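Residue-level structure breakdown
One letter stands for each residue in the lines below.
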There are 8 protein chains.
Amino acid sequence: MNAATPPLVGILMGSDSDFDVMREAGRVLKAFDIAFEMLVTSAHRTPERTHQYAIRARERGLQVLIVGAGAAAHLAGVVAAVTPLPVIGVPLSATGLQGMDALLATVQMPGGIPVATMAIGKAGATNAALYAIRILALTRPDLADRLNAYHLDMARSVEKKNQLLQERLADL
Amino acid sequence: MNAATPPLVGILMGSDSDFDVMREAGRVLKAFDIAFEMLVTSAHRTPERTHQYAIRARERGLQVLIVGAGAAAHLAGVVAAVTPLPVIGVPLSATGLQGMDALLATVQMPGGIPVATMAIGKAGATNAALYAIRILALTRPDLADRLNAYHLDMARSVEKKNQLLQERLADL
Amino acid sequence: MNAATPPLVGILMGSDSDFDVMREAGRVLKAFDIAFEMLVTSAHRTPERTHQYAIRARERGLQVLIVGAGAAAHLAGVVAAVTPLPVIGVPLSATGLQGMDALLATVQMPGGIPVATMAIGKAGATNAALYAIRILALTRPDLADRLNAYHLDMARSVEKKNQLLQERLADL
Amino acid sequence: MNAATPPLVGILMGSDSDFDVMREAGRVLKAFDIAFEMLVTSAHRTPERTHQYAIRARERGLQVLIVGAGAAAHLAGVVAAVTPLPVIGVPLSATGLQGMDALLATVQMPGGIPVATMAIGKAGATNAALYAIRILALTRPDLADRLNAYHLDMARSVEKKNQLLQERLADL
Amino acid sequence: MNAATPPLVGILMGSDSDFDVMREAGRVLKAFDIAFEMLVTSAHRTPERTHQYAIRARERGLQVLIVGAGAAAHLAGVVAAVTPLPVIGVPLSATGLQGMDALLATVQMPGGIPVATMAIGKAGATNAALYAIRILALTRPDLADRLNAYHLDMARSVEKKNQLLQERLADL
Amino acid sequence: MNAATPPLVGILMGSDSDFDVMREAGRVLKAFDIAFEMLVTSAHRTPERTHQYAIRARERGLQVLIVGAGAAAHLAGVVAAVTPLPVIGVPLSATGLQGMDALLATVQMPGGIPVATMAIGKAGATNAALYAIRILALTRPDLADRLNAYHLDMARSVEKKNQLLQERLADL
Amino acid sequence: MNAATPPLVGILMGSDSDFDVMREAGRVLKAFDIAFEMLVTSAHRTPERTHQYAIRARERGLQVLIVGAGAAAHLAGVVAAVTPLPVIGVPLSATGLQGMDALLATVQMPGGIPVATMAIGKAGATNAALYAIRILALTRPDLADRLNAYHLDMARSVEKKNQLLQERLADL
Amino acid sequence: MNAATPPLVGILMGSDSDFDVMREAGRVLKAFDIAFEMLVTSAHRTPERTHQYAIRARERGLQVLIVGAGAAAHLAGVVAAVTPLPVIGVPLSATGLQGMDALLATVQMPGGIPVATMAIGKAGATNAALYAIRILALTRPDLADRLNAYHLDMARSVEKKNQLLQERLADL
């Protein structure tokens, strides 16, 4: 799919060590059959490339950008500054501060340039993709239906886990 | 405008004391001529009303929900759990912890239910509206143009402030 | 016992991965022969089920609800909003922030809807059960006696550990 | 009322400077016609007095103890260690750390001695009283009815504030 | 020595799991030939015993009390409230909050009852003993000499480590 | 008194703006008729002077050093490194971080060089003096008696405040 | 001076509201007769301008860049990414988080792109200028002499403040 | 090289356990063929030696000092107080507080004595060396060229990692 269809979502990460977390976003998009591209690009080590990518993202047909970064996480803000597309930031835990540095560096954007910040780490990467789908679903009823099914699946999964829990209660 | 046009954006806040901050979101939407509605509803004091509002938001034609809340800010998460619309959370500083409690209670959503979190306070309220506009602009080129103009205005304003700064340098 | 006797305490948790911590609450209640039920239900993934459970808890004869949740822990607050029963919240460490996110999201409830918050993790789960027993003991002298015995046991255990410590002092 | 009826709730505070916050608890109890007593007693400056009060609280007919303290807030824990009554802790903001010190010193109780911790400051004091009422309501249906009415009042108040908000929207 | 000589320093800890850290204090005192005693006693689980120990410490000839405790660490404050002896608190890392809870609960004592707080964990236990020795050395010149020797040893050890470092520089 | 009697306690502060807080220490010492001296000296701006003062403190007859400093508070540690006297550190709130920076910079001393850390700000300054008195009282029974009287005074003051509270309860 | 001499130091700030703090840097440079320029430019609102300025800074003869920014402070990192000049970051307190957000967003730079971070606020702005002077002094002995004089002045000022303190001691 | 060439950069660390982190600084300097020396010296355990080293650093021809320290990290500040050379501080994670203590103790220097603070840990050590090189490059065009090459290498490395990522995308 990724090859043939032009990507609707771009997933950026500041370092290849972020892949283990950020692929959660890719997996969710894949499960919803949404074409995406993923790339390593850094706000600090490859500023030009990042700038070029962000500036051309809209004209290339991308609709949402998901950006994962750790430490003094500037990548999402830098991208959001030069594209009118909605940017979703995923703060990553890349230092001893457990992602608190990345969270503040991502979410505390000054008025004018918004970055939609998700939770630190894997939950955030998963939710970034789901949020991109919520945005795309505004104009694609099929995605809205799939989201609905996804929610029902989650609910069912919770109920199944609850049943398993009841069995474990015996040997408390 | 608000009366005639069906609202595209719903702005929710947990308490009327949040109005001073959340109206920044309203002002931005108004400046972009986007119809919106604003209401006080609480995750804890009016759970039913909140639930009903969130469940019916999509069928009423709303496209984005902006939710401001302070302290143990549950409102955005509670809303996001029952609507497929993109929800934007604005953590408010309502306690001595300066909004850090609201930030963590809003952004650290578990995988499955995303809330797009903005900065604490007024910058966050402003950016929530701008983010809603970025989303709406995906299918409305006129908004994309206006966003572009808004960015140019910001740049010009920075440059004007820079000129004023130069004059103040004399009496350093 | 659990099968025959109607439960007095309901233990809720947002995810089955919380069981390892929350079973401490179950163990304490079991040791005090207090009938309880335990279930997995989520504020976000199964909001309806959670709502229904909370609304009906009192008429089903439950007296205290113990609620464990991590991250942006909304479960206890959401439950407390729709039941008049005393709700005890146990913040769990489910993210890199070590439970600080869950603590603030549980304890910083706005005026009107109280959640009695315990320590993060296992100590909190143990204490949640002991607190439920303190509440139940107000009208059941047998439980007050047992609590008394429990306190004596703790004191004796500390003294025993102190004796063992004295032996270890030799090889300091 | 306080003179004639033996108090059901004891409200303790470590310093008279805590009164401005802790009286919120008294006001709520008064509104529910629940007899209470209030006293200044310190874990560190009057340890004997605190100890004697806590040890005799149950036999004097008290059912719930509400304890407000700031800084290294030890009062609630010290009291909970020698009474089997449910103890509710209200962390107060008494230092530059905005109550975060009092929160951790109150909530992070080790397994064995629970303290039900509320939010920092006035919201916590209000909720402490409401929580005491939830406990008392378990055996007093009249209080359960009043709690119900209180919740309806809160909901109505939110709706009224919402209406006022609608009027302010005009001059956004 | 400990058997024959009456102890000058009492080392208290809230739980036997604190021994691994607190024995550092014992080791230092032993190296300085200062008689000490060590005991497990809890502010919450054995409040009476703690109280009795603290009240009688001075008349038993103790000069300094070292108190290690984790979580909502009340032990040092509770002891300091009823003895005129200098009390040294060692905050321990006993929860996911890495000792920050114990630090604030130990150091933020209100005016009137001082607790001399050391660093979290082993460095703190070591320093607590060294601080006790500084106090004792005020009236015992032999201890002042030994402290002096200890400082020279530390300096020499740093220099030796520096020499080893020079050798490792080759294979940088 | 200060002129005639050689000082037993030295109170150091890093800046004259610390005087408002640190004089609390002076007031307590004065009330106990303990000769002290007070000086402004900085770890960074007057390192030589600080060094000389610390090195000669013991031979000049000083027994305890109280050191107040804010921000990256190095003064207490720098002093403690070159004197065998017990050093008491008072972290001051001198930046927007409310004294948390000074607390960590004072208390987290590495093993070998202890600084007895008190609470941030005025409570800490008061307690530093009281702690110095506890140390001096080890060899001066008169001070022990005065400390005892001080504690009784505190207790009486709490009780008096409690009585005043009872009167205020009427107009709750 | 500023007009005639080409500037050696560039002082950047993200907003004109940062001027009150950042002018401290200008004042120090002026006192050392070092030509500088000051401008408002934003990482997010004027990314192009910022980029162009940073890229051309070295060829324009600038030697050091001082960058003040608050909130999710990206400006220093963005500048450091495209210039080989030493960049000094001053985190500013622009939100309720007291500059902690700006501190982490400035200092936690990933390996490869260093930003020399100073204290939050005015102390940081002053020190940024002094640090620039330390760098320039490496090749300009006159500046080294002036720095030396500045240090002597600071020491003298501390001693003068100390003398004033002695006079205030009388009315303690 | 180190033997023959007089060192331009001095790398100090408070403990030999800091070597694993601080050698990153050495490796970068070595790669740039910059002569450096490395030594273990402590602000608290060897204050004299530290003082002597810092005072003589400039006359020995050193141009930049890099100082790594953990916990209550005073070393960089103590050194900066007595040398006019630019000092770069690297906060190390040496306690359970993950380097947050060292960060605040290093960066929050009072006005007058600047310490250029880098990120906590290895990224900080790497960047400290790169920052020293940026300073040296001001007067050595060869270093500026090498820095340029280093930046190109980083960019190329990011691009290579990006290509590897593309291959991994297949098995998402």
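None of the values given here were measured: they were computed from a predicted structure.

What to know about the overall build of chain A
Across its full length, chain A holds 6 helices and 5 strands. In chain A, the order of α-helices and β-strands from amino to carboxyl end is β-α-β-α-β-α-β-α-β-α-α. Seen along its three principal axes, the alpha-carbon backbone of chain A occupies a region of about 60 × 40 × 30 Å. Put simply, chain A has 172 residues, and 65% of those count as buried. A fraction of 66% describes how many contacts in chain A between residues 6 or more apart in sequence connect residues 24 or more apart. Accessible surface computed for chain A: about 5700 Å², of which carbon and sulfur atoms make up 51%.

Regarding the relation of the copies chain A and chain H
Overlay of chain A on chain H (RMSD 0.0 Å): rotation 90°, translation along the axis 0.0 Å. Read as a symmetry element, the transformation amounts to a four-fold axis. An overlap of only 5% is found between the interface residues of chain A and their copies at the interface of chain H, pointing to separate contact surfaces.

Description of the domain arrangement of chain A
Residue and element names in this part refer to chain A. Domain annotation of chain A identifies domain 1 (9-139) and domain 2 (141-172). If you average the C-alpha positions of domain 1 and of domain 2, the two centres end up 28 Å apart. On the side of domain 2, 7 residues touch domain 1, which itself brings 11 residues to the contact. When the two sides are added together, the surface that domain 1 and domain 2 hide from each other amounts to roughly 780 Å², 70% of it contributed by carbon and sulfur. Interface area lost by domain 1 to domain 2 is led by Phe32, Arg134 and Ala137, which between them contribute 55%. Linking Arg146 and Asp33 is a salt bridge whose minimum nitrogen-to-oxygen distance equals 2.7 Å. At the junction of domain 1 and domain 2, the tally comes to 3 residue pairs in polar contact (both at pLDDT 80 or more). If one sorts the elements of the side of domain 1 that touches domain 2 by residue count, helix α5 (residues 122-137) sits on top with 6 residues. Classifying every residue of the side of domain 1 that touches domain 2 gives 7 nonpolar, 2 polar and 2 charged.

Quick word on the packing of helix α4 (residues 100-107) of chain G against helix α4 (residues 100-107) of chain H
It is the contact of α4 of chain G with α4 of chain H, at a shortest axis distance of 13 Å, that shows an interaxial angle of 95°. With respect to α4 of chain H, the axis of α4 of chain G lies roughly perpendicular. Between α4 of chain G, through Met100, Leu103, Leu104 and Val107 of chain G, and α4 of chain H, the contact on the second element is made entirely by Met100, Leu103, Leu104 and Val107 of chain H. Taken together, the residues of the contact of α4 of chain G with α4 of chain H sort by class into 8 nonpolar, no polar and no charged.

What to know about the environment of Val82 of chain G
Within the fold, Val82 of chain G resides in the loop between α3 (75-80) and β4 (87-92). Along the backbone, Val82 of chain G and Ile113 of chain G are 31 residues apart, and their C-alpha atoms lie at a distance of 9.3 Å. Setting aside residues up to four positions removed in sequence, Val82 of chain G forms contacts with Pro47 of chain A together with His51, Ala54 and Ile55 of chain G.

Structural notes on the arrangement of the chains
Contact between chain D and chain G is absent, and the minimum C-alpha spacing across the pair is 12 Å. If you take every C-alpha in chain C and every C-alpha in chain H, the smallest gap between them is 12 Å, and the two do not touch.

Points about the pairing of strand β1 (residues 9-13) of chain A
Residues and elements named next belong to chain A. Within β1, 5 of the 5 residues are buried, which leaves it mostly tucked inside the rest of the structure. Burial of the side chains of β1 extends over both faces: Val9, Ile11 and Met13 are buried on one face and Gly10 and Leu12 on the other. Note that β1 and strand β3 (residues 64-70) share 5 bridges and pair parallel. When the sheet's bridge partners are listed, Val9 is paired in β3 with Val64. When β1 meets strand β2 (residues 36-40), the two strands line up parallel, connected through 5 bridges. Counterpart to Ile11 in the pairing with β2 is Met38.

Thoughts on helix α1 (residues 19-31) of chain D
All names here are of chain D. With 13 residues, α1 ought to run about 18 Å at 1.5 Å a step, and its terminal C-alpha atoms sit 18 Å apart, in line with that. Considered for burial, the residues of α1 that qualify are Phe19, Met22, Glu24, Ala25, Gly26, Val28 and Leu29. Two residues or fewer past α1, Asp33 is found with a positive phi of approximately 55°.

Description of the environment of Gly70 of chain E
With respect to the helices and strands, Gly70 of chain E occurs in strand β3 (residues 64-70). Sequence separation between Gly70 of chain E and Gly14 of chain E is 56 residues, and the spatial gap between their C-alpha atoms is 7.7 Å.

Some words on the interface of chain B and chain A
Chain B puts 41 residues into the contact, and the matching count from chain A is 41 residues. Carbon and sulfur atoms supply 62% of the area buried between chain B and chain A, which totals about 3200 Å² over both sides. Summed over the three residues of chain B that lose the most area to chain A, namely Pro114, Tyr131 and Arg134 of chain B, the buried surface amounts to 21% of that side. At the surface where chain B touches chain A, the tally comes to 0 salt bridges. Where chain B touches chain A, the interface holds 19 residue pairs in polar contact (both at pLDDT 80 or more). Class assignment for the residues of the side of chain B that touches chain A results in 29 nonpolar, 10 polar and 2 charged.

Observations regarding unusual backbone geometry
Residue and element names in this part refer to chain B. Of note, Ala71 is a non-glycine position whose phi angle comes to about 55°, a positive value. Within the secondary structure, Ala71 is located in the loop between β3 (64-70) and α3 (75-80). The class for Ala71 is buried, based on a relative accessible area of 7%.

Looking at the side chain of Glu37 of chain H
All names here are of chain H. Looking at where Glu37 falls in the secondary structure, it is placed in strand β2 (residues 36-40). For Glu37, a relative accessible area of 18% gives the class buried. At 2.8 Å, the side chain of Glu37 forms a polar contact with the side chain of Arg60. Discounting residues that sit within four places of it in the chain, Glu37 has contacts with Pro7, Val9, Gly10, Ile11, Tyr53, Arg60 and Leu62.

Some thoughts on the pairing of strand β3 (residues 64-70) of chain G
Counting buried positions along β3 of chain G gives 7 out of 7 residues, so the element sits mostly inside the fold. By the alternation rule, side chains of β3 of chain G split into Val64, Ile66, Gly68 and Gly70 of chain G and Leu65, Val67 and Ala69 of chain G, which are all buried.

Remarks on the pattern of salt bridges
Residue and element names in this part refer to chain D. Taken as a whole and assessed by the stated rule, the structure comprises 72 salt bridges over all chains. In this structure, Glu24 engages Arg27 in a salt bridge whose closest nitrogen and oxygen atoms are separated by 3.2 Å. Linking Glu24 with Arg27, this pair stays in helix α1, spanning 3 residues, or about one helical turn. Taking relative accessible area as the criterion, Arg27 reaches 34% and is therefore assigned partly exposed.

Focus on the relation of the copies chain B and chain A
Turning chain B through 180° and shifting it by 0.0 Å along the axis lays it on chain A, with an RMSD of 0.0 Å. Given the turn and translation reported, the copies of this chain are related as if by a two-fold rotation axis. Residue by residue, 100% of the interface of chain B is reproduced at the interface of chain A, so both copies engage with the same surface.

A word on helix α6 (residues 141-169) of chain D
When the terminal C-alpha atoms of α6 of chain D are compared, their 42 Å separation across 29 residues agrees well with the 42 Å that a helix rising 1.5 Å per residue should span. Three or more residues of α6 of chain D are buried, namely Leu143, Ala144, Leu147, His151, Met154, Ala155, Val158, Asn162, Leu165 and Leu169 of chain D. Each element contacted by the buried residues of α6 of chain D is listed here: β1 (9-13), α1 (19-31), β2 (36-40) and α2 (47-56) of chain B together with α5 (122-137) of chain D.

Describing the interface of chain A and chain H
Taken together, the contacts link 20 residues of chain A with 15 residues of chain H. For the pairing of chain A and chain H, the buried interface totals around 1600 Å² over both sides, and the portion due to carbon and sulfur atoms is 65%. Ranking the residues of chain A by area buried against chain H places Phe19, Arg45 and Leu97 of chain A at the top, with a combined share of 31%. The tally of links between chain A and chain H comes to 2 salt bridges. With a shortest N-O distance of 3.9 Å, Asp16 of chain A and Lys161 of chain H are connected by a salt bridge. For the interface between chain A and chain H, the tally reads 3 residue pairs in polar contact (both at pLDDT 80 or more). The dominant element in the side of chain A that touches chain H, judged by the number of residues it contributes, is helix α1 (residues 19-31) of chain A, at 6 residues.

Quick notes on the packing of aromatic side chains
Residue and element names in this part refer to chain F. Taken as a whole and assessed by the stated rule, the structure comprises 8 aromatic pairs over all chains. Taken together, a centroid distance of 5.6 Å and an interplanar angle of 50° make the contact between Phe32 and Tyr150 tilted. Here the residue Phe32 occupies a position in the loop between α1 (19-31) and β2 (36-40), and Tyr150 occupies one in helix α6 (residues 141-169), the gap between them amounting to 118 residues. Under the relative-accessibility criterion, Phe32 is labelled buried at 6%.

A closer look at the environment of Leu85 of chain E
Locating Leu85 of chain E in the fold gives a position in the loop between α3 (75-80) and β4 (87-92). Judged by its relative accessible area of 2%, Leu85 of chain E falls in the buried class. Residues Leu85 of chain E and Gly112 of chain E, spaced 27 residues apart in sequence, show a C-alpha to C-alpha distance of 14 Å. When residues no more than four places from it in sequence are discounted, the contact partners of Leu85 of chain E are Ala57, Arg58, Leu62, Gln63 and Leu65 of chain E together with Arg134 and Leu138 of chain F.

About the criteria used
- Residues numbered from 1 in each chain as written.
- Chains lettered and ligands numbered in written order.
- Predicted model: local features only at pLDDT ≥ 70, side-chain atom pairs only at ≥ 80, totals over all residues.
- Heavy atoms only, no water.
- Helix = DSSP H or I, 4+ residues; strand = E, 2+ residues; numbered from the N terminus.
- Buried < 20%, exposed > 50% of the residue type's maximum accessible area, 1.4 Å probe, protein only.
- Contact = heavy atoms within 4.5 Å.
- Areas by Shrake-Rupley, 256 points an atom, 1.4 Å probe, with all protein chains shown as cover.
- Least-squares fit on C-alpha atoms with pLDDT ≥ 70 in both.
- Domains from an automatic or database assignment.
- Buried area = accessible area lost by both parts, 1.4 Å probe.
- Salt bridge = Lys/Arg side-chain N within 4 Å of Asp/Glu carboxyl O.
- Polar contact = N/O pair within 3.5 Å; in protein donor to acceptor, adjacent residues only side chain to side chain.
- Nonpolar A, V, L, I, M, F, W, Y, C, P; charged D, E, K, R; others polar.
- Axes fitted to C-alpha atoms, helices over the stretch in contact; angles between N-to-C directions.
- Parallel < 35°, antiparallel > 145°, perpendicular 65-115°, else oblique.
- Pairing = 2+ DSSP bridges.
- Expected span 1.5 Å × (residues − 1).
- Phe/Tyr/Trp six-rings, centres within 6.5 Å; stacked < 30°, edge-to-face > 60°.

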